[in-house]
Amino acid sequence: MDARSPDLTQTSSQDVAGWRADAPTTKSLAEVNSTVAIPVAGHWLRRLLAFVGPGYLVSVGYMDPGNWATDLAGGSKFGYTLLSVILLSNLMAILLQSLAARLGIVTDRDLAQACRATYSPVVNFLLWLACEAAIIACDLAEVIGTAIALKLLFGIPLIGGALLAALDAFLLLLLMNRGFRFLEAFVIALLAVIAVCFVVQIAAAAPPVAEVLRGFVPKSEIFTNSDMLYIAIGIIGATVMPHNLYLHSSIVQTRAYERNDSGRREAIKWATTDSTVALMLALFINAAILVVAAATFHRSGHSDVAEIGQAFELLSPLLGLGIASTLFAVALLASGLNSTVTATLAGQIVMEGFLDLRLPSWARRLLTRGIAIVPVIIVTAIYGERGTADLLVFSQVVLSMQLPFAVIPLVRFVSDRRKMGQFAIPVSVAAIAWIVAGVIVVLNVKLLADTFFG
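Predicted, not measured: the structure shown is a model, and the values here were computed from it. (Residues numbered from 1 in each chain as written. Predicted model: local features only at pLDDT ≥ 70, side-chain atom pairs only at ≥ 80, totals over all residues. Heavy atoms only, no water.)

Undergrad: I'd like a description of the nonpolar core, backed by residues and values.
TA: The biggest cluster of nonpolar side chains holds 135 residues, and the ones touching the most others in it are Leu 82, Leu 111, Leu 183, Phe 198, Leu 345 and Phe 354. A per-element tally of this core places helix α14 (residues 261–298) first, with 19 residues. Ignoring any residue separated from it by four or fewer positions in sequence, one finds Phe 198 in contact with Trp 68, Ile 285, Ala 288, Ile 289, Val 292 and Ala 331. One finds Ala 134, Cys 138, Met 241 and Leu 399 within the second-largest nonpolar core, a separate group that totals six residues. (Core = buried A, V, L, I, M, F, W, Y, C linked by side-chain atoms within 4.5 Å. Buried < 20%, exposed > 50% of the residue type's maximum accessible area, 1.4 Å probe, protein only. Helix = DSSP H or I, 4+ residues; strand = E, 2+ residues; numbered from the N terminus. Contact = heavy atoms within 4.5 Å.)

Undergrad: Requested: an account of the pattern of salt bridges, with residues and values cited.
TA: One pass over the structure, following the stated rule, counts six salt bridges. Between Arg 264 and Asp 108 there is a salt bridge, with its nearest N and O atoms 3.2 Å apart. Placement of the pair is Arg 264 in helix α14 and Asp 108 in the loop between α4 (83–107) and α5 (111–116), with a sequence separation of 156 residues. An identical accessibility class is assigned to Arg 264 and Asp 108; each is buried. Two residues, Glu 184 and Arg 255, come together in a salt bridge whose shortest N-O distance is 2.7 Å. Taken as a pair, Glu 184 in helix α9 (residues 180–205) and Arg 255 in the loop between α13 (242–251) and α14 lie far apart in primary sequence, 71 residues in all. Judged by its relative accessible area of 1%, Glu 184 is buried. Assessed through its relative accessible area of 0%, Arg 255 is described here as buried. A single network of salt bridges, built from pairs that share partners, joins Asp 108, Arg 259 and Arg 264. (Salt bridge = Lys/Arg side-chain N within 4 Å of Asp/Glu carboxyl O.)

Undergrad: Break down the environment of Glu 266 for me, citing the residues and quoting the values.
TA: Mapped onto the fold, Glu 266 is located in helix α14. Along the backbone, Glu 266 and Leu 48 are 218 residues apart, and their C-alpha atoms lie at a distance of 9.7 Å. Of note is the side chain of Glu 266, whose polar atom sits 3.2 Å from the side chain of Arg 47. (Polar contact = N/O pair within 3.5 Å; in protein donor to acceptor, adjacent residues only side chain to side chain.)

Undergrad: Tell me what's going on with unusual backbone geometry, and back it up with residues and numbers.
TA: Note: most peptide bonds trans; most residues except glycine with negative phi. For Asp 108, which is not glycine, the phi dihedral falls at a positive 60°. Notably, Ala 206 is not glycine yet its phi reads approximately 45°, a positive angle. For Ala 206, the location among the structural elements is in the loop between α9 and α10 (209–215).

Undergrad: Break down the side chain of Gln 348 for me, citing the residues and quoting the values.
TA: One can find Gln 348 in helix α16 (residues 324–355). When its relative accessible area of 0% is taken as the criterion, Gln 348 is described as buried. Side chain to side chain, Gln 348 and Glu 31 meet in a polar contact 3.0 Å long.

Undergrad: Kindly report on the packing of α13 against α16, identifying the contributing residues and their values.
TA: Running from N to C, α13 and α16 point in directions that differ by 80°, and their axes come no closer than 9 Å. Viewed along their axes, α13 and α16 adopt a mutual orientation that is roughly perpendicular. Each of His 243, Tyr 246, Leu 247, Ser 250 and Ile 251 in α13 lies in contact with α16, whose residues at this interface are Thr 342, Ala 343, Leu 345, Ala 346, Ile 349, Val 350 and Phe 354. A per-class count over the contact of α13 with α16 returns nine nonpolar, three polar and no charged. (Axes fitted to C-alpha atoms, helices over the stretch in contact; angles between N-to-C directions. Parallel < 35°, antiparallel > 145°, perpendicular 65-115°, else oblique. Nonpolar A, V, L, I, M, F, W, Y, C, P; charged D, E, K, R; others polar.)

Undergrad: Provide a residue-level description of the environment of Ile 251, including the pertinent values.
TA: Following the sequence through the fold, Ile 251 ends up in helix α13. Residue classification places Ile 251 among the buried residues on the basis of a relative accessible area of 0%. Those residues in contact with Ile 251 that lie beyond four places of it in its chain are Leu 29, Pro 54, Leu 57, Val 58, Phe 180 and Leu 345.

Undergrad: Talk me through the packing of helix α6 (residues 121–154) against α13; I want residue IDs and the actual numbers.
TA: A packed helix pair is summarised by two numbers, namely the angle formed by the two axes and the spacing between the axes. Look at α6 against α13: their axes get within 9 Å of each other, and the N-to-C directions meet at 105°. The orientation of α6 with respect to α13, classified from their angle, is roughly perpendicular. Between α6 and α13, the contacting residues are Cys 131, Ala 134, Ile 135, Cys 138 and Glu 142 on the first element and Pro 242, His 243 and Tyr 246 on the second. Looking at the contact of α6 with α13 residue by residue, the classes come out as six nonpolar, one polar and one charged.

These results come straight from atomic positions and should not be treated as a statement about function.
Structure representation (structure tokens):
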């Protein structure tokens, strides 16, 4: 038996290659698993392009509406100083997503399946509950962001916008039925829309290049200024999303690479390249939000802009560009649509992986969407727009609470030679990964303490 390619049909009572022998044998996202062909010959660029896609689906979570408020607050209040925090959180994301891709490619399991094949039923059930709570919280932020964008652009009431956002379950079903590549093309097209919108806004804002570049250099002030530190923690907490680790470990398996050592080694190389390039786009978008806020609001003395609605109202007058606010809202809508689609897919992966649940794909997606939509509708109906703002903050707190429960198992699995064989990460990489996990845990504990007791 090859430890790098576990025999999933083994029925011995002993653990197989570090996994529980009674673990389910269902493939992750079975309906699209190994459906994207990989050329075996030709130029290396053809093979790279065949792997391009999953990284961009993952990058969506790093620029979703939950990130916008923290980036706006950081830019309007502290100028370009917190660009270094965005860079740091993006480097953390690049490392963690590469580990998630490695886990999926080497073990033929996504992170949820790996947890189910390692931990006891009780631990797995608790991990599933925590993960579902995080996905619902993430979904809430994305639905709220989409609803706000629809209100800003078309005057649709928030309740109506939230209901419209729920239709993404049908959109996802349609795209998946046409093939996973159609889903990837849809997401990449919306990412291009977001990028173009912010390129125009940055050009209009004309930020001083020297100050922007200095912002990427870490400053001790971030740690000594409590207000700045709080927003910095919020940026990191809103950037590294737990559901992305489950998502990435699954969707890399849509590629029909050879399930042997050489095939897996090449798949890891191209998948890591794909996610790294895609996350650099996420870095640009997050940095662009902060730069626009700094160049527009901070420079004009509006240092208290932290809400999306405020930014929409002030952008065009302050920039002197009539279309600026519209572009901002269009980018928000594209971000919200992308994020709800990928979060719904992540919900399916988690439910299948932890519970081995046998439901039609459309039923699983409708169930995931319904769980998220109902709280938004209730809060909006009772409290109006202010209630959704509070719910958005609460959703980020829930995400922070769950993140360590995804990061720690991931680092543990990819460091384990029984599970990963020769593809286990080197000791030096494992040390960096554990340091990142520790930093995330400490920062999130502080964020929670400040939220509930500060």
